[in-house]
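# An overview of the molecular structure
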Amino acid sequence: SVLSSFEHNRIELNKFYTEAKDNVRFLSTLERHFKNLAHGSTFSVVIDTIPSLMNALRMVWIISRHYNRDERMVPLMERIAWEISEHVARVVNIRAILRESPDSIKQRTGEAITTLKTWKNSYLDVRAKIEASGRAPDGSLIDAGCLRKPTICLLSARISLT
């Protein structure tokens, strides 16, 4: 009947509303970290942001009823990794950096490598903490393989400069 269909849809809509409200509440706690990643003027801002961002993500994973599954957290982590990679690409701009002195290039790529290593190490540390807490529902969290590639590329570029 129309009434039972309406009631079913109302219940479903209320469930989605509650989920959206919870997601906004948890994701808003990450907003300042996201702004630092996106708009941080130096590598030091990004490097300082990463560990606290990862700890906040760990809390979201543990407490949230909706962001404690890979299908929710994977896209978020991929977006964070992409933003960090974009920041590195903006600062270590190949066209502009080759006009600089070798010492400047080494410094800039060294900071980029430190940023990427901080991201990778913070990710692995938080992942281990979540797994150790027993709060990883299916026992598998996001694979860190995609986080290694940019670091390896920058490392090999820096080695060729020395």
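What counts, and where the lines are drawn
- Residues numbered from 1 in each chain as written.
- Predicted model: local features only at pLDDT ≥ 70, side-chain atom pairs only at ≥ 80, totals over all residues.
- Heavy atoms only, no water.
- Helix = DSSP H or I, 4+ residues; strand = E, 2+ residues; numbered from the N terminus.
- Expected span 1.5 Å × (residues − 1).
- Core = buried A, V, L, I, M, F, W, Y, C linked by side-chain atoms within 4.5 Å.
- Buried < 20%, exposed > 50% of the residue type's maximum accessible area, 1.4 Å probe, protein only.
- Axes fitted to C-alpha atoms, helices over the stretch in contact; angles between N-to-C directions.
- Parallel < 35°, antiparallel > 145°, perpendicular 65-115°, else oblique.
- Left-handed = near helix turned anticlockwise from the far one by under 90°.
- Contact = heavy atoms within 4.5 Å.
- Nonpolar A, V, L, I, M, F, W, Y, C, P; charged D, E, K, R; others polar.
- Phe/Tyr/Trp six-rings, centres within 6.5 Å; stacked < 30°, edge-to-face > 60°.
- Lys NZ or Arg CZ within 6 Å of the ring centre and 35° of its normal.
- Salt bridge = Lys/Arg side-chain N within 4 Å of Asp/Glu carboxyl O.

### Observations concerning helix H6 (residues 102–133)
- The end-to-end C-alpha distance of H6 is 46 Å, a good match for the 46 Å that 32 residues give at a rise of 1.5 Å each.
- Note on H6: the residue one or two positions beyond its end, Gly 134, has a positive phi of about 75°.

### Considerations on the nonpolar core
- If you look at the biggest cluster of nonpolar residues, it comprises 30 residues, and the most contacted ones within it are Met 54, Leu 57, Met 73, Met 77, Ile 80 and Trp 119.
- Elements represented by at least two residues in this core include exactly helix H3 (43–63), helix H4 (70–91) and H6.
- Of all the elements, H3 adds the most residues to this core, at 10 residues.

### Some details on the packing of helix H2 (residues 31–39) against H3
- At a closest axis distance of 9 Å, the pairing of H2 and H3 adopts a crossing angle of 150°. Here H2 lies roughly antiparallel to H3, going by the angle between them. The chirality of how H2 crosses H3 is left-handed. Residues His 33, Phe 34, Asn 36 and Leu 37 of H2 form the contact with H3, whose own contacting residues are Val 45, Val 46, Thr 49, Ile 50, Ser 52, Leu 53 and Ala 56.
- Its residues placed into classes, the contact of H2 with H3 shows seven nonpolar, four polar and no charged.

### With respect to the packing of H4 against H6
- Direction vectors running N to C along H4 and H6 enclose 170°, while the axes themselves pass 10 Å from each other. For the element pair H4 / H6, the angle class is roughly antiparallel. Packed against H4, whose contacting residues are Met 77, Ile 80, Ala 81, Ile 84, Val 88 and Val 91, the element H6 presents Arg 108, Ala 112, Thr 115, Leu 116, Trp 119 and Tyr 123 at the interface.
- Each residue belonging to the contact of H4 with H6 can be placed in one class, and the counts come to 10 nonpolar, one polar and one charged.

### Points about the packing of aromatic side chains
- Counted according to the given criterion, the structure contains one aromatic pair.
- Seen in terms of ring centroids, Trp 119 and Tyr 123 are 6.4 Å apart; in terms of plane orientation they differ by 45°. Their pairing is tilted. With Trp 119 and Tyr 123 both in helix H6 and four residues apart, the pair spans about one turn of that helix.
- Judged by its relative accessible area of 2%, Trp 119 falls in the buried class.
- Positioned above the aromatic ring of Phe 16, the side-chain terminus of Lys 15 is 5.8 Å from the ring centre.

### Digging into the pattern of salt bridges
- In this structure the tally under the stated criterion is 12 salt bridges.
- The closest approach of N and O atoms between Arg 65 and Asp 22, which form a salt bridge, is 2.3 Å. Pair noted here: Arg 65 is in the loop between H3 and H4 and Asp 22 is in helix H1 (residues 2–28), with a separation of 43 residues, a long-range link.
- Its relative accessible area of 53% is what places Arg 65 among the exposed residues.
- For the salt bridge of Arg 108 with Glu 100, the shortest nitrogen-to-oxygen distance reads 2.8 Å.
- With relative accessibility at 23%, the residue Glu 100 sits in the partly exposed group.
- Taken together, the salt bridges that share partners define one network made up of Asp 22, Arg 25 and Arg 65.

### Things to note about the environment of Ala 89
- By the secondary structure assignment, Ala 89 is in helix H4.
- Spatially, the C-alpha atom of Ala 89 lies 8.9 Å from that of Ala 112, the residues being 23 residues apart in sequence.

### Things to note about the side chain of Thr 118
- Relative to the helices and strands, Thr 118 is located in helix H6.
- In this structure Thr 118 comes out as buried when scored by relative accessible area, which is 16%.
- Residues within four places of Thr 118 in sequence aside, it is in contact with Ile 47, Ile 50 and Pro 51.

Just distances and angles here, no functional claims.
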